[in-house]
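What follows is the residue order along each chain.
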Amino acid sequence: QVQLVESGGGLVQAGGSLRLSCVASGRTSESYYAAWFRQAPGKEREFVAFITGSGFSRYYAEGVKGRFTTSRDNAKNTVYLQMNSVKFEDAAVYYCAATSAYSDYRRVGEYEYWGQGTQVTVSS
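This structure is a prediction, so every number in the text was calculated from the model and none was measured.

A. Local environment of unusual backbone geometry. Backbone geometry places Asn77, a non-glycine residue, at a positive phi of 55 degrees. Judged by relative accessible area, Asn77 falls into the partly exposed class, the value being 33%. Positive phi outside glycine occurs at Ser85, with the angle close to 50 degrees. Here Ser85 shows up in the loop between β8 (78-83) and β9 (92-99).

Spelled out as structure tokens, the structure:
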């Protein structure tokens, strides 16, 4: 059993930066894969970023490559999403997720554990 809690969301100006955090508790393990998803009003939840347990491998959705970076600090049971050069299209509720195994890391259904989400709002 794992619990995930996101934080760091809020209002950010277009072109600015924001860092989201996801803290895990319960039966945490460095072997768990983690990911970030986001959901804007009226849209389906979509994949943003993925990171392996060691943090060695990271993958991103095409729309955020070069702007977002995910990382993890297993000693702190925390996964991060650094958002740079934020665009209006990035506004959404951001969720972190974790799983012990997967087939396609881009799919919502692959993840066993989810946080409650943190809102990111972008202003001009």
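B. Here's a closer look at the sheet that holds strand β1 (residues 2-7). Taken together, the 4 strands give an open sheet; going across it, the order is β1-β3-β8-β7, and neighbouring strands pair in antiparallel fashion. Strand pairing shows two members of the sheet lacking a second neighbour, β1 and β7 (68-73), which therefore form its edges. Looking at each pair of strands side by side, their axes are set apart by 15 degrees on average, direction ignored. As paired strands, β7 and β8 are joined by 6 bridges and run antiparallel to one another. Bridge assignment links Phe68 to a residue of β8, and that residue is Met83.

C. The arrangement of the layout of surface pockets in detail. Of the pockets and cavities examined, the largest pocket occupies roughly 210 Å³. Taken together, 19 residues form the lining of the largest pocket, with Ala24, Ser29, Tyr32, Arg72 and Val79 sitting closest to its centre. Mapped onto the lining of the largest pocket, the elements with two or more residues apiece are β1, β3 (18-26), β4 (33-39), β7, β8 and β9. Here the lining of the largest pocket gets 3 residues from one element, more than from any other, and that element is β9. Class assignment of the residues belonging to the lining of the largest pocket gives a composition of 11 nonpolar, 5 polar and 3 charged.

D. The arrangement of the side chain of Arg38 in detail. One can find Arg38 in strand β4. The exposure class of Arg38 is buried, given its relative accessible area of 10%. Contact partners of Arg38, with chain neighbours within four places excluded, come to Glu44, Arg45, Glu46, Val48, Val64, Phe68, Glu89, Asp90, Ala92, Val93 and Tyr94.

Parameters and conventions
Residues numbered from 1 in each chain as written. Predicted model: local features only at pLDDT ≥ 70, side-chain atom pairs only at ≥ 80, totals over all residues. Heavy atoms only, no water. Buried < 20%, exposed > 50% of the residue type's maximum accessible area, 1.4 Å probe, protein only. Helix = DSSP H or I, 4+ residues; strand = E, 2+ residues; numbered from the N terminus. Pairing = 2+ DSSP bridges. Axes fitted to C-alpha atoms, helices over the stretch in contact; angles between N-to-C directions. 1 Å grid on protein atoms, 1.4 Å probe; cavity = no way out; pocket = protein on both sides within 12 Å on 5 of 7 lines; lining within 4 Å. Points joined across faces, edges and corners; volume = space filled by probe spheres on them. Nonpolar A, V, L, I, M, F, W, Y, C, P; charged D, E, K, R; others polar. Contact = heavy atoms within 4.5 Å.

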